[in-house]
Amino acid sequence: MNISDIAKLAGVSKSAVSRYFNDGYISDEKRERIREAVEQTGYDPNNSGRKVRKKITSLVGVIIPKLSSESCAKVTEGIGEVLDNEGYQLLLVNTSYNSSKEVESLDFFRNNRVDGVILLSSAITKLHMTVLKKMRVPTIVVGQNVAGFSCVCHDDEGAAYALTKLMIERGAARPAIIGVDRMDTAAGQARYEGFSRALSESGITHRTEYVETARFTADSGYDKANRLLSQPIPPDAVFCATDNIAAGAMLCCLEHGLKIPDDIMITGVGDSQVGSITPVPITTAHLHYRTSGIEAAKMLLEELRKKDSVRRILKLEYDIVERGSTKINHIT
């Protein structure tokens, strides 16, 4: 028996039940229906195995880097699935990949009455750490590994290594990378390290002219691929830090008259929808974004129950999804 069950029995929303138990505003009619449901079931929130500490606002702040991002949407969906069942509501802040706004948002939640915070960040700077260390409520980080805080992250290095190794095994001799800013230790630095390790283990020279840094957009992927193809000896494979970047790179390659994967192979990361509808479907690494949101919400609830709970890091695995962009027998 939990808040969701009481809400269903009373014919009200979960947030109404949450306000009932936390002395919030609720109409007399709804209050009576909830009271009757509680009396009928004998539900006692103080003895419920799923009960966390007394809530202040029933709000959890969630900071995301891009509202329209498919991966962010999946993470948020996972967070909502867990917290909604506990009567919490999400207060979303979209930062548009603005690091300063991320810090401002953390500070806002630090100084306002929310029960906890979940941060999806593209980079953790010194300013981030300054505010994070001052947080008055449990704070969970998703996508990055931050010392001293509970985090849910992905094996970005492993995914990049596996994808690059796959292209090399398929015959690539001149792999290139279109990465993102390495201030982003997950999508930027870790994926770059995975790419580099695959080259090193295969005895392939790491050529600086085959390294480009893009933004998280298809347009930027297109521009950076154009630079790579302008080299005297262009690459025959491109590992891209995201599927969006890979989609842009693919368009550029096709416009140059290259056949994929015969002339050049392309891989991305994220297993997003865009990668499955490109002219040649993109080989990618499936990252479990929705699961990361679910696990982050569970961590938050655990820290709300136990103020002295041990901080922990959960690294989620990846799955390689091979499609036409690396299969040599694919006909374009």
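Let me sum up the structure you'll find in this document. It should be emphasised that the depicted structure is a prediction, and the values quoted were computed from it without experimental measurement.

1. Remarks on the overall build of the chain
Secondary structure summary: the chain contains 11 helices and 12 strands in total. Along the first, second and third principal axes, the C-alpha atoms of the chain reach 75 × 40 × 30 Å. Long-range contacts, defined as pairs at least 24 residues apart, comprise 73% of the intrachain contacts of the chain with a sequence gap of at least 6. Here the chain displays about 15,100 Å² of accessible surface, and carbon together with sulfur accounts for 49% of that area.

2. What to know about the pairing of strand β7 (residues 211–214)
Going residue by residue along β7, you find Glu212 and Ala214 tucked away on one face and Val211 and Thr213 left uncovered on the opposite face. The pairing of strand β6 (residues 175–180) with β7 spans four bridges and is classified as parallel. Paired with Gly179 across the bridge in β7 is Thr213.

3. Some remarks on the sheet that holds β6
One open sheet holds the four strands; their spatial order is β7-β6-β8-β9, and the pairing between them is parallel. Bordering the open sheet on either side are β7 and β9 (265–267), each of which pairs with just one other strand. Each strand of the sheet is rotated relative to its neighbour by a mean of 20°, with strand direction disregarded. Its contacts with the sheet place helix α8 (residues 185–201) against β6, β7 and β8 (237–240), and it is angled at close to 170° to β6. This element, helix α10 (residues 243–255), spans β6, β7, β8 and β9 of the sheet and lies at about 160° to β9.

4. Some remarks on the packing of aromatic side chains
Taken as a whole and assessed by the stated rule, the structure comprises three aromatic pairs. Ring centres 6.4 Å apart and planes at 20° place the aromatic pair Phe195 and Phe239 in the stacked group. Of this pair, Phe195 sits in helix α8 while Phe239 sits in strand β8; the two residues are 44 residues apart in sequence, bridging distant segments of the chain. Both residues of the pair, Phe195 and Phe239, count as buried. Between the NZ or CZ atom of Arg182 and the centre of the ring of Tyr192, over which it lies, the distance is 3.5 Å. Sitting over the ring of Tyr161, Arg197 keeps its end group 3.7 Å from the ring centre.

5. What to know about the environment of Val310
Its place among the elements puts Val310 in the loop between α11 (289–305) and β11 (313–316). Residue classification places Val310 among the exposed positions, given a relative accessible area of 72%.

6. With respect to the nonpolar core
By size, the foremost hydrophobic cluster in this structure holds 42 residues, and its most contacted members are Ile79, Leu83, Ile118, Leu120 and Phe239. Broken down by element, this core gets its largest block of residues, eight residues, from α11. When near neighbours in sequence (up to four residues on either side) are disregarded, Leu120 contacts Val62, Ile63, Ile64, Pro65, Cys72, Val75, Ile79, Glu102 and Val142. The next biggest cluster of nonpolar side chains, apart from the first, holds 24 residues, and it includes Ile178, Tyr210, Val238 and Ile260.

7. Describing the sheet that holds strand β2 (residues 89–94)
Read across the open sheet, the six strands follow the order β2-β1-β3-β4-β5-β11; overall the sheet is parallel. Edge positions in the sheet fall to β2 and β11, since each of these pairs with one other strand and no more. On average, each strand axis in the sheet is tilted by 15° relative to the strand beside it, whichever way the strands run. One ladder, built from two bridges, connects strand β4 (residues 139–142) with strand β5 (residues 151–154); its direction is parallel. Residue Val142 lies in a different strand from β5, and its bridge partner there is Val152. Helix-sheet contacts for helix α4 (residues 70–84) involve β1 (59–64), β2, β3 (116–120) and β4, and the interaxial angle to β2 is about 160°.

8. Considerations on the packing of helix α9 (residues 218–229) against α10
The contact between α9 and α10 brings their axes to 7 Å, and the two run at 45°. Classified by the interaxial angle, the pair formed by α9 and α10 is oblique. Classified by chirality, the crossing of α10 by α9 is right-handed. Across from Ala218, Gly221, Tyr222, Ala225, Asn226 and Leu229 in α9, the residues of α10 making contact are Asn244, Ile245, Gly248, Ala249, Leu251, Cys252, Cys253 and Glu255. For the contact of α9 with α10, the class distribution of residues is nine nonpolar, four polar and one charged.

Conventions we followed
- Residues numbered from 1 in each chain as written.
- Predicted model: local features only at pLDDT ≥ 70, side-chain atom pairs only at ≥ 80, totals over all residues.
- Heavy atoms only, no water.
- Helix = DSSP H or I, 4+ residues; strand = E, 2+ residues; numbered from the N terminus.
- Contact = heavy atoms within 4.5 Å.
- Areas by Shrake-Rupley, 256 points an atom, 1.4 Å probe, with all protein chains shown as cover.
- Buried < 20%, exposed > 50% of the residue type's maximum accessible area, 1.4 Å probe, protein only.
- Pairing = 2+ DSSP bridges.
- Axes fitted to C-alpha atoms, helices over the stretch in contact; angles between N-to-C directions.
- Phe/Tyr/Trp six-rings, centres within 6.5 Å; stacked < 30°, edge-to-face > 60°.
- Lys NZ or Arg CZ within 6 Å of the ring centre and 35° of its normal.
- Core = buried A, V, L, I, M, F, W, Y, C linked by side-chain atoms within 4.5 Å.
- Parallel < 35°, antiparallel > 145°, perpendicular 65-115°, else oblique.
- Left-handed = near helix turned anticlockwise from the far one by under 90°.
- Nonpolar A, V, L, I, M, F, W, Y, C, P; charged D, E, K, R; others polar.

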